[in-house]
Amino acid sequence: GAVVSQHPSRVICKSGTSVKIECRSLDFQATTMFWYRQFPKQSLMLMATSNEGSKATYEQGVEKDKFLINHASLTLSTLTVTSAHPEDSSFYICSARDYSGLQETQYFGPGTRLLVL
Amino acid sequence: GDSVTQMEGPVTLSEEAFLTINCTYTATGYPSLFWYVQYPGEGLQLLLKATKADDKGSNKGFEATYRKETTSFHLEKGSVQVSDSAVYFCALRIPNAGNMLTFGGGTRLMVKP
């Protein structure tokens, strides 16, 4: 089946630095990708919808200047956590929508665990 | 707004036991319903889905029936295995309304030999 990869899988950074997370669709083109955040023992919360070639759509309460999203190609979306702080520590998961089959299917990446010290 | 409620875990079962994970939803439209599974260290994978009332989704021995009258989509498996240990998420999506998934809180299943 289709695969979505994320890089890095785990990152530890100092407070105040910026961290970039990549999400790639490996064998299909994705005009739409989604970024989720998952807190321990909690569900996934949609942060934003990333659209290729246009601005991302952010969910209410998500700071767009804090979480920069770039969907520069049909197979790559990036999430940059700017000036990260300990409260940004979380598990970030992307997903990509594949329209190429008989049915539209949404595939999820393995996630990136961010720890801000 | 739309929401999904799942039974809290963890659910601990012995191998070959019967599994039920409850899921109920509230939605303003006519949602499609999904179960996703997240194995340790991996991303979410679609387990099964149902797109209209009375549909039954099934996969890998798991099944769930879309019950509109009770707004439920409970996940069941007749005989669990240790390899089924994972976190299970119930989700809904309203077609043509942004197509965004709304997830429940997740239920961790632990199956012991």
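Located above this text is the structure these notes cover.
Everything in this summary refers to the structure shown in the same document. Since the structure is predicted, the reported quantities are computational estimates derived from the model, not experimental observations.

Procedures and definitions
- One numbering rule holds for all chains: residues counted from 1, following each sequence as written.
- Ligands are numbered from 1 and chains lettered from A, in the order in which they are written.
- Whole-chain, interface and lining totals are the exception, using all residues; otherwise, since this is a predicted model, local features are given only for residues with pLDDT of at least 70 and side-chain atom pairs are given and counted only at 80 or more.
- Excluding hydrogens and water, the side-chain figures rest on all heavy atoms present in the structure.
- In DSSP terms, a helix is any run of H or I states spanning at least four residues, a strand is any run of E spanning at least two, and both are numbered starting from the N terminus.
- Should any heavy atoms of two residues lie within 4.5 Å, those residues are considered in contact.
- Here the accessible surface of atoms and residues is derived via Shrake-Rupley with a 1.4 Å probe, and residues count as covered only by protein chains that are part of the display.
- His residues and chain termini do not enter the charge count, which takes Lys and Arg as positive and Asp and Glu as negative.
- Lysine's charge is taken at NZ, arginine's at CZ, aspartate's at CG and glutamate's at CD.
- Note on aromatic contacts: the rings of Phe and Tyr and the six-membered ring of Trp form a pair at centre separations within 6.5 Å, being stacked when their planes are under 30 degrees apart, edge-to-face when over 60 apart, and tilted otherwise.
- Type-normalised accessible area, obtained with a 1.4 Å probe on protein chains alone, sets the label of each residue: buried when under 20%, exposed when over 50%, and partly exposed for intermediate values.
- Buried area: the sum, over both parts, of the accessible surface (1.4 Å probe) that disappears when the two are put together.
- A carboxyl oxygen of Asp or Glu within 4 Å of a side-chain nitrogen of Lys or Arg is what we treat as a salt bridge.
- Two N or O atoms form a polar contact when they lie within 3.5 Å of each other; inside protein one atom must be a possible hydrogen donor and the other a possible acceptor, and for residues adjacent in sequence the pair counts only when both atoms belong to side chains.
- Pairing between strands requires that DSSP locate at least two bridges from one strand to the other.
- Only a pair of cysteine sulfur atoms within 2.5 Å counts as a disulfide in this structure description.

**Brief notes about the overall build of chain B**
Counting secondary structure elements, chain B contains zero helices and twelve strands. Helices (α) and strands (β) of chain B occur, in sequence order from the N terminus, as β-β-β-β-β-β-β-β-β-β-β-β. With the C-alpha coordinates aligned to their principal axes, the bounding extent of chain B is approximately 45 × 30 × 20 Å. Partitioning the intrachain contacts of chain B with sequence separation of at least 6 by distance along the chain shows that 56% fall at a separation of at least 24. When the accessible surface of chain B is totalled, it reaches about 5400 Å², and 48% of it is carbon and sulfur. In chain B, which carries 10 positive and 11 negative side-chain charges, the distance between the mean positions of the two groups comes to 4 Å.

**Some words on the packing of aromatic side chains**
Summed over the entire model, instances satisfying the criterion amount to eleven aromatic pairs over all chains. Where Y36 of chain A meets F108 of chain A, the ring centres are 5.7 Å apart and the plane angle is 40°; that geometry is what we call tilted. Of this pair, Y36 of chain A sits in strand β4 (residues 32-38) while F108 of chain A sits in strand β10 (residues 105-108), placing them 72 residues apart in sequence. By relative accessible area, Y36 of chain A is classed as buried at 1%. Through pairs of rings, three or more aromatic residues link up here, namely Y36 and F108 of chain A together with F34, Y36, F89 and F103 of chain B.

**A short note on unusual backbone geometry**
Geometrically, the link from H7 of chain A to P8 of chain A is a cis peptide bond, its omega value of 0° lying close to zero. Mapped onto the elements, P8 of chain A comes out in the loop between β1 (4-7) and β2 (10-13). The omega torsion of the bond from G9 of chain B to P10 of chain B falls at -5°, within 30 degrees of zero and hence cis. Position of P10 of chain B among the secondary structure elements: in the loop between β1 (3-6) and β2 (11-14). A positive phi is found at S83 of chain A, a non-glycine position, where the angle reads about 45°. A relative accessible area of 33% places S83 of chain A in the partly exposed class. Unlike most non-glycine residues, E16 of chain B shows phi in positive territory, near 75°. When you line up the elements, E16 of chain B lands in the loop between β2 and β3 (19-21).

**Points about the interface of chain A and chain B**
The interface is formed by 19 residues belonging to chain A together with 16 residues belonging to chain B. Buried area between chain A and chain B, both sides added, is near 1200 Å², and the carbon and sulfur share of it is 51%. Remark: the boundary between chain A and chain B carries zero salt bridges. Applying the counting criterion to the chain A and chain B interface returns one residue pair in polar contact (both at pLDDT 80 or more).

**Notes on the pairing of β1 of chain B**
Two faces, one strand: in a regular strand the side chains alternate between the faces of the sheet. All names here are of chain B. Only one face of β1 is buried: it carries V4 and Q6, and the other face, with S3 and T5, is open. Here four bridges tie β1 to strand β4 (residues 23-26), and the two strands are oriented antiparallel to one another. The residue of β4 that forms the bridge with Q6 is C23.

**A closer look at the state of the cysteines**
The final tally for this structure, using the stated rule, is two disulfides over all chains. C23 of chain A shares a disulfide with C94 of chain A; S-S distance 2.0 Å. On the sign convention where negative means left-handed, the S-S torsion of about 80° between C23 of chain A and C94 of chain A marks this disulfide as right-handed. Here C23 of chain A is found in strand β3 (residues 19-25), whereas its partner C94 of chain A is found in strand β9 (residues 90-98), with 71 residues between them in sequence. A relative accessible area of 0% means that C23 of chain A is categorised as buried. We classify C94 of chain A as buried; its relative accessible area is 0%. There is a disulfide in this structure between C23 of chain B and C90 of chain B, and the S-S distance comes to 2.0 Å. Taking the sign of the S-S torsion, -70° for the link of C23 of chain B and C90 of chain B, the bridge is left-handed. Residue C23 of chain B is located in strand β4, and its partner C90 of chain B is located in strand β10 (residues 86-93); the two are separated by 67 residues in the primary sequence. You can call C90 of chain B buried: its relative accessible area is 0%.

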